[in-house]
Structure formats: structure tokens, C-alpha cells
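What follows is each chain in one-letter form.
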Amino acid sequence: MYQLRRCRSYIISEASEVVELNPEDFRNISYPFLGETEQDFLNYLDEMQHEADIYEIYDELDEGVADALAGLLEPEEYKVFFDSENKGENAWLESGEVNEEYRKYGGFNVKETTEVY
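Residues numbered from 1 in each chain as written. Predicted model: local features only at pLDDT ≥ 70, side-chain atom pairs only at ≥ 80, totals over all residues. Heavy atoms only, no water.

Asks: Report on the layout of surface pockets, specifying residues and quantitative values.
Replies: Estimated volume of the largest pocket: approximately 230 Å³. At 6 residues, the largest contribution of residues to the lining of the largest pocket is made by helix α1 (residues 38-51). Considered class by class, the residues forming the lining of the largest pocket number 8 nonpolar, 1 polar and 2 charged. (1 Å grid on protein atoms, 1.4 Å probe; cavity = no way out; pocket = protein on both sides within 12 Å on 5 of 7 lines; lining within 4 Å. Points joined across faces, edges and corners; volume = space filled by probe spheres on them. Helix = DSSP H or I, 4+ residues; strand = E, 2+ residues; numbered from the N terminus. Nonpolar A, V, L, I, M, F, W, Y, C, P; charged D, E, K, R; others polar.)

Here is the structure:
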């Protein structure tokens, strides 16, 4: 006798509202933007989230710029723009044993699978 289950996964992609930011507003703050290109600015904003005190930066910026930056880095909501459930599912079968120690796999120790990696 085998313990079997059917699994499926979906991808949901979401995005914040669009904001407009001018790189020049970030040139003379404690964590200054030094780049030149649009990609440089994206990288700068991404790094800022992890390397700078974002609340200190909000205080250094004009209120409208700070609000736009907060809307980008800390959005209040996201809108779904892609949901693979509407396009079909990725499904597979698994065999194994129920074992609560395998929390990452939903309490199931997978021995065999039809999932293609």
C-alpha cells in the first residue's frame, strides 16, 4: 500500500501603484544617488531599502517625494496583474509517508514524484 497525494502550484504576480520619482531629488541626501541611468536609479532604490534608514530618508525629502517613495517601498496594497490559475495549473503526483517533521513539504516525506524540474 502506498501513501499518495496530488499537488499543484500557481504563480501570482502583484504590483504596487505606479509612482513618479525624479533622481535629482535624491542627489543631496544622506544616502545620495550617484548614478546616471534609469537602471542605476532602480538599483539605488533597491539597495536603499536594505542599507539605509528609510525613515531618516523620508524626513530629508520633500513631503510629496517622501510619500511617493513610501508608496513604492512600502505600498499599502498591491494589484494582481497575473494569476497562473487562470491559465492552468502545474500539477503532479507524489508518493511517500506522512511525517509532520517535513513541514516544508506539508508534513509529507516525498519518496517519488511525477513533478518535472
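Asks: Go over the nonpolar core, please, and point to the residues and values.
Replies: Counting 19 residues, the largest nonpolar core has L21, F26, Y44, M48, I57, L61 and L69 as the members making the most contacts within it. Those elements that provide at least two residues to this core are α1, α2 (54-60) and α3 (63-73). Sort the elements by how many residues they give to this core and α3 lands first, with 5 residues. Once residues lying within four places of it in the same chain are set aside, the contact partners of I57 are I29, S30, Y31, M48, A52 and L69. (Core = buried A, V, L, I, M, F, W, Y, C linked by side-chain atoms within 4.5 Å. Buried < 20%, exposed > 50% of the residue type's maximum accessible area, 1.4 Å probe, protein only. Contact = heavy atoms within 4.5 Å.)

Asks: Outline the sheet that holds strand β4 (residues 90-98), supporting the account with residue identities and numerical values.
Replies: Sheet strands line up and pair through hydrogen bonds in the backbone, either parallel or antiparallel. Strands sit in the order β1-β4-β5 across an open sheet of 3 strands; the sheet is antiparallel. This sheet does not close on itself; its edge strands, each paired only once, are β1 (3-9) and β5 (108-113). Averaged over all neighbouring strand pairs, the angle between strand axes comes to 45 degrees, with direction disregarded. By the bridge criterion, 5 bridges tie β4 to β5 in an arrangement that is antiparallel. Its bridge partner lying in β5, E94 is registered against T113. (Pairing = 2+ DSSP bridges. Axes fitted to C-alpha atoms, helices over the stretch in contact; angles between N-to-C directions.)

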